[in-house]
Amino acid sequence: MRAVQVERTGGPEVLVVREVDDPKPGPGEAVVDVAASGVNFIDVYHRTGHYPVPLPFTPGTEGAGTVAAVGDGVGQVRPGDRVGWVNVVGTYAEQAVVPADRLIALPDGIDFETAAASLLQGMTAQYLVRTTYPVRPGDDVLVHAAAGGMGQLLTQLVKHLCGRVVATASTPEKADLARAAGADVVVGYDEVVDAVRAFTDGDGVAVAYDGVGADTFEASLASLAPRGYFVSYGSASGPVPPVDPLRLSRAGSLFFTRPTLAHYIAAREEMLERADEVFRWIADGVLRVTVTARYPLTEAGRAQADLEGRRSTGKLLIVP
Ligand SMILES: NC(=O)c1ccc[n+]([C@@H]2O[C@H](COP(=O)([O-])OP(=O)(O)OC[C@H]3O[C@@H](n4cnc5c(N)ncnc54)[C@H](OP(=O)(O)O)[C@@H]3O)[C@@H](O)[C@H]2O)c1
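Within each chain, residues carry numbers counting from 1 in the order of the written sequence. Per-residue local features of the predicted model are confined to residues with pLDDT of at least 70, and side-chain atom pairs are confined, for both listing and counting, to 80 or more; whole-chain, interface and lining totals are unaffected and use all residues. Side-chain figures throughout are based on the complete set of non-hydrogen atoms in the structure, without hydrogens or water.

(A) A look at helix α4 (residues 172–180). Taken together, the buried positions of α4 are occupied by Lys174, Ala175 and Ala178. End-on view of α4: buried residues confined to an arc of 105°, all on one side of the axis. When the buried face of α4 is taken as reference, the exposed residues oriented beyond 90 degrees from it are Pro172, Glu173 and Ala180. Any two residues having at least one pair of non-hydrogen atoms within 4.5 Å are treated as being in contact. Strands are runs of DSSP state E lasting at least two residues, helices are runs of H or I lasting at least four, and both sets are numbered from the N terminus onward. Those residues of α4 that are buried are in contact with α3 (149–160), β9 (164–168) and β10 (185–187). Three labels apply to residues, based on accessible area from a 1.4 Å probe with only protein chains included: buried if under 20% of the type maximum, exposed if over 50%, partly exposed otherwise in between. Directions from the helix axis toward the C-beta atoms define the arc.

(B) Looking closely at the site of the ligand. Within the structure, the ligand sits among 30 residues, and Ser170, Lys174, Tyr189, Gly211 and Arg310 are positioned closest to it. Taken by itself the ligand offers 910 Å² of open surface, and the protein chains cover 92% of this. Among the secondary structure elements, those contributing two or more residues to the shell around the ligand are α1 (41–48), α2 (112–132), α3 and α10 (300–308). Considering every element that reaches the shell around the ligand, the biggest residue donor is α2, with four residues. Three classes are used: nonpolar for Ala, Val, Leu, Ile, Met, Phe, Trp, Tyr, Cys and Pro, charged for Asp, Glu, Lys and Arg, and polar for all others, with Gly counted as polar. Counted by class, the shell around the ligand contains 14 nonpolar, 11 polar and five charged residues. Any residue with at least one heavy atom within 4 Å of a molecule or strand is counted as near it. Per-residue and other accessible areas were derived by the Shrake-Rupley procedure at a 1.4 Å probe size, with only the shown protein chains allowed to occlude residues.

(C) Spotlight on the packing of α2 against helix α9 (residues 268–283). Fitting a line to C-alpha atoms yields each axis, with helices limited to the stretch in contact; the angle taken between N-to-C directions then spans 0 to 180 degrees. Between α2 and α9, the shortest axis-to-axis distance is 9 Å and the interhelical angle comes to 110°. Taken as axis vectors, α2 and α9 run roughly perpendicular relative to one another. Within the contact between the two elements, α2 uses Thr114, Ser118, Leu119, Gly122, Met123, Gln126, Tyr127, Arg130 and Thr131 and α9 uses Met271, Arg274, Ala275, Glu277, Val278, Phe279, Trp281 and Ile282. Angular relationships are summarised with four words: roughly parallel below 35 degrees, roughly antiparallel beyond 145, roughly perpendicular across 65 to 115, and oblique for the angles in between.

(D) Structural view of the packing of α1 against α10. At a minimum axis separation of 10 Å, α1 and α10 run at an interaxial angle of 110°. Relative to α10, α1 is oriented roughly perpendicular. Only Gln304, Leu307 and Glu308 of α10 make contact with α1, whose side of the interface consists of Phe41, Asp43, Val44 and Arg47. Per-class residue counts for the contact of α1 with α10 are three nonpolar, one polar and three charged.

(E) The pairing of strand β12 (residues 224–232), seen in detail. If DSSP finds at least two bridges between two strands, the strands pair. Judged from the five bridges that link them, strand β11 (residues 205–210) and β12 form a sheet pairing that is parallel. Each bridged residue has a counterpart across the sheet, and for Val207 the counterpart in β12 is Tyr229. When the strands point away from the viewer and the connection leading from the first strand across the helix to the second strand turns clockwise, the crossover is called right-handed. Of the crossover connections in this fold, the one passing from β11 over helix α6 (residues 217–223) to the parallel β12 is right-handed. With helix α7 (residues 245–250) bridging β12 and its parallel neighbour strand β13 (residues 255–257), the resulting β-α-β unit is right-handed.

Quick look at the structure:
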């Protein structure tokens, strides 16, 4: 089968397509024919070595497809089942080996592309608004990079939960996408603090969902209401600086958390509950998942370059 391989860390050019042995399922594992793979920022962190992965490896942590074979002891799925999964490295390929207890059965109305476009970012947005900081009606919420994959989902969910969204985006076109997702106010990154104060009558927001990181840290901190939640869920612009607890105290007894999907779906039951809610939101029209570009395996490098180069909106897929 063909698979993208990373043999050394570096720029998008280190993604190369190789012919490799067809995978065989070990005990407790399934081999899946990959129909589509999501492109996520974590794939960039793996490629650059920001999050180290043993070399060589096949990138990609979000996939959907059809079970081709199962190993000993697998009871959850059978060959022919339609499934999706996240957080198992190796989806930029024609086939992937996945622990069977990480597979999520796809409901009838969810096609492969929708699953590969919604599972990782959808479950992340779900745990952020349901569990990390449960959004309540009337909450004012700051969402950065609201035209991006995560940002559009978060904005839609906060509106669904009857909150109000102040959003950031870097261009007028991206601002239009953030508004289409439901943002009440969309501003550039330099205007955040003033816009939040004006929109909230000086109160500040209940929660800042910040996946941009280094470049937005100060503005997020300055935008929060007393006892507000700083949810630092990513670092698209670079790592967040060390946080001095006294700054959180002085800024209003703030909460600071750095959540990661893995810890919110570690238990299979919890993972399935989150996926189920994401799929129901899609079926009910609460969540609109927008696939904006599809790339073949040979163009995986261009897909990642578009994501990290701020040229993308919505969701990017690799279709092998
Ligand atoms: N913690 C978790 O569980 C979890 C799970 C999934 C994703 N994430 C995080 O969520 C964040 C968003 O991921 P995504 O895949 O949905 O990407 P994305 O938001 O579609 O793309 C990143 C966006 O960030 C904005 N950005 C601002 N400064 C940037 C910079 N210096 N370089 C690159 N982008 C910059 C850009 O939007 P503008 O041009 O509008 O500024 C860009 O389009 C990432 O930090 C990712 O690691 C975290």
